Amino acid sequence: MVCFRLSPVPGSGLVLLCLILGAVSSYALELNLTNSENATCLYAKWQMNFTIRHETTSETFKTVPISDLGTVTYNGSSCGDEQTGPKIAVQFRSGFSWVVNFTKEVNYLIDSISFSYNTSDNTTFPDAKDKGVITISDPVRLEIPLNNIFRCNSLLTLEKNDVVQDYWDVHVQAFVQNGTVSTEEFLCGKDKPLTTVVPTSPTTVPSPTMTPSPQEKPQVGSYSVHNGSRACLLATMALQLNITHDKVVSIININPNKTNFTGSCHPQTALLRLNSNNTKYLDFAFAVKNENRFYLKEVNFSMYLVNGSVFSISNNSLSYWDAPLGSSYMCNKEQTVSVSGGFQINTFNLRVQPFNVMEGKYSTAQECSLDDDTILIPIIVGAGLSGLIIVIVIAYLIGRRKSYAGYQTL
């Protein structure tokens, strides 16, 4: 009999389940799949959510976020045999399924990921034009050394057709040797330390072509993420995107009235995702540091360009919006988050709290230095005194010079 363990949320404890499984309500998953000898054959721990775009009966397009998976079962998960490789199979909501297949060559591979959803589910897709089961299959072919565990804490995104799949905090090892999960980690590219490449010869970068920027400031939008019925992340901000692509600079104001939002909350990380008709996703990923402060750690962005191509950028080594846990971060003045040389975000009237939200309200705010007018008082006083001293010294020198000139005449 094949059994495995899962822990839906940190601190909830481990429950031993057999292949005929009960249900858990969560999307933070931990799986320890064992064989008939009760030895671990596959270990996985990951978090995920989905965004689905579909056509409605009114011939418009609608984006549906799937972040709370609801009731989850794992029928079909297996260690594999001589004919088939290991497999993780997850079922959730009404007609949703997610399957990962593994194969082994010299090393082992995350071979493919398939995701199925049913637009006949009127709760999730009440106004879908086309009804039925839709399956998206992605040939991943990610090769991992045997007896290594694959780790990717950063956000991984699979995009195909009208579906965006997001994964983060991923730890997975198939074909576990001797029933013991390895401590040797094989890192994804985003988790690897950044290296600086020094150019061998100077290059000339052509100046970008500028396009007129919007005259008005962007509108302020209010966004929230819920864990069940409880708000766990709050954000209020006006956003302006600065994009440089093919030497053309574009400035885009985010319209909150046409923007959908979703996300997730966890003890050490939190995610806010925004999307609209032309913006596939704009992610703000927060993290806890030193057990007592939070900050903006990562931004991921992807949008459709006018020519039909896609502009995407990601940076998981940011350090903005730093504040103590239990408080919010506020900056009313214009502030710039520099994601890359080709993408910056200007924020106005910003206030965020990604952790420890109580009763759906912001906690006391830590203001940014730009908003702190008290620092101007000593600067103004110091500048005034400096100016006065300079005037006195100049007057003194002029007086000395005239007196000296008078003695010479006598």
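Residues numbered from 1 in each chain as written. Predicted model: local features only at pLDDT ≥ 70, side-chain atom pairs only at ≥ 80, totals over all residues. Heavy atoms only, no water.

## Some thoughts on the overall build of the protein
- Along the protein, the regular secondary structure elements total one helix and 30 strands.
- Counting the 410 residues in the protein, one finds 43% classified as buried.
- Across the protein, the fraction of contacts at a sequence separation of at least 24, relative to all contacts at a separation of at least 6, is 54%.
- Looking at the protein as shown, the accessible area adds up to about 21,800 Å², and 55% of this sits on carbon and sulfur atoms. (Helix = DSSP H or I, 4+ residues; strand = E, 2+ residues; numbered from the N terminus. Buried < 20%, exposed > 50% of the residue type's maximum accessible area, 1.4 Å probe, protein only. Contact = heavy atoms within 4.5 Å. Areas by Shrake-Rupley, 256 points an atom, 1.4 Å probe, with all protein chains shown as cover.)

## What about the nonpolar core?
- Residues Trp-46, Ile-88, Phe-92 and Trp-98 are the most contacted members of the largest nonpolar core, which totals 41 residues.
- Sorting the residues of this core by element identifies β4 (28–34), β5 (40–55), β6 (61–66), β8 (87–92), β9 (96–104), β10 (108–118), β13 (149–152) and β15 (163–174) as the ones contributing at least two each.
- Among the elements that line this core, the one with the most residues is β5, at seven residues.
- Grouped together as the second largest cluster of nonpolar side chains are 38 residues, Ala-235, Leu-272, Leu-305 and Phe-311 included. (Core = buried A, V, L, I, M, F, W, Y, C linked by side-chain atoms within 4.5 Å.)

## Some points on a nonpolar patch on the surface
- On the surface, a nonpolar cluster with roughly 380 Å² of combined accessible area is contributed by Val-381, Leu-385, Leu-388 and Ile-392.
- Along the chain, the position of Val-381 falls in helix α1 (residues 376–409). (Patch = residues over 30% accessible without salt bridge, like charges linked within 9 Å, V, L, I, M, F, W, Y side chains within 5 Å. Salt bridge = Lys/Arg side-chain N within 4 Å of Asp/Glu carboxyl O.)

## Describing the pattern of salt bridges
- Applying the stated criterion to the full structure yields ten salt bridges.
- Taking the shortest distance from any N to any O, the salt bridge between Asp-283 and Arg-273 comes out at 2.8 Å. Of this pair, Asp-283 sits in strand β23 (residues 279–289) while Arg-273 sits in strand β22 (residues 269–275), and the two are ten residues apart along the sequence. There is no split in this pair, since Asp-283 and Arg-273 are both buried.
- For Asp-322, the salt bridge identified is with Lys-289, shortest N-O distance 2.6 Å.

## A few points about unusual backbone geometry
- The backbone of Asn-38 sits at a positive phi, close to 65°, despite the residue not being glycine.
- Positionally, Asn-38 belongs in the loop between β4 and β5.
- One non-glycine residue with positive phi stands out, namely Glu-359, at about 55°.
- Mapped onto the secondary structure, Glu-359 falls in the loop between β29 (343–353) and β30 (365–367).

## Side note on the packing of aromatic side chains
- Applying the stated criterion across every chain yields a total of 17 aromatic pairs.
- Ring plane angle 50° and centroid distance 6.3 Å describe the contact between Phe-294 and Phe-355, whose orientation is recorded as tilted. Of this pair, Phe-294 sits in strand β24 (residues 293–304) while Phe-355 sits in the loop between β29 and β30; the two residues are 61 residues apart in sequence, bridging distant segments of the chain.
- In this structure Phe-294 comes out as buried when scored by relative accessible area, which is 0%.
- For Phe-355, a relative accessible area of 5% puts it in the buried group. (Phe/Tyr/Trp six-rings, centres within 6.5 Å; stacked < 30°, edge-to-face > 60°.)

## Points about the state of the cysteines
- Across all of its chains, the model carries four disulfides by this definition.
- Note that Cys-41 is cross-linked by a disulfide to Cys-79, the S-S spacing being 1.9 Å. In this structure, the disulfide formed by Cys-41 and Cys-79 twists by about -70° around the S-S bond and is classed as left-handed. Here Cys-41 is found in strand β5, whereas its partner Cys-79 is found in the loop between β7 (71–73) and β8, with 38 residues between them in sequence.
- Looking at Cys-79, the relative accessible area reads 16%, which means it is buried.
- Two residues, Cys-232 and Cys-265, share a disulfide whose sulfurs are 2.0 Å apart. Across the S-S bond linking Cys-232 and Cys-265, the dihedral sits near 80°, which makes this disulfide right-handed. Linking Cys-232 in strand β19 (residues 230–245) with Cys-265 in strand β21 (residues 260–265), this pair joins segments that are 33 residues apart in sequence.
- With relative accessibility at 11%, the residue Cys-265 sits in the buried group. (Disulfide = S-S within 2.5 Å.)

## Considering the environment of Ser-319
- Note on placement: Ser-319 falls in the loop between β25 (310–315) and β26 (320–324).
- Through-space distance from the C-alpha of Ser-319 to that of Phe-294 is 9.6 Å; in sequence the pair is 25 residues apart.
- When neighbours within four sequence positions are excluded, Ser-319 is seen to be in contact with Lys-289, Tyr-295 and Leu-296.

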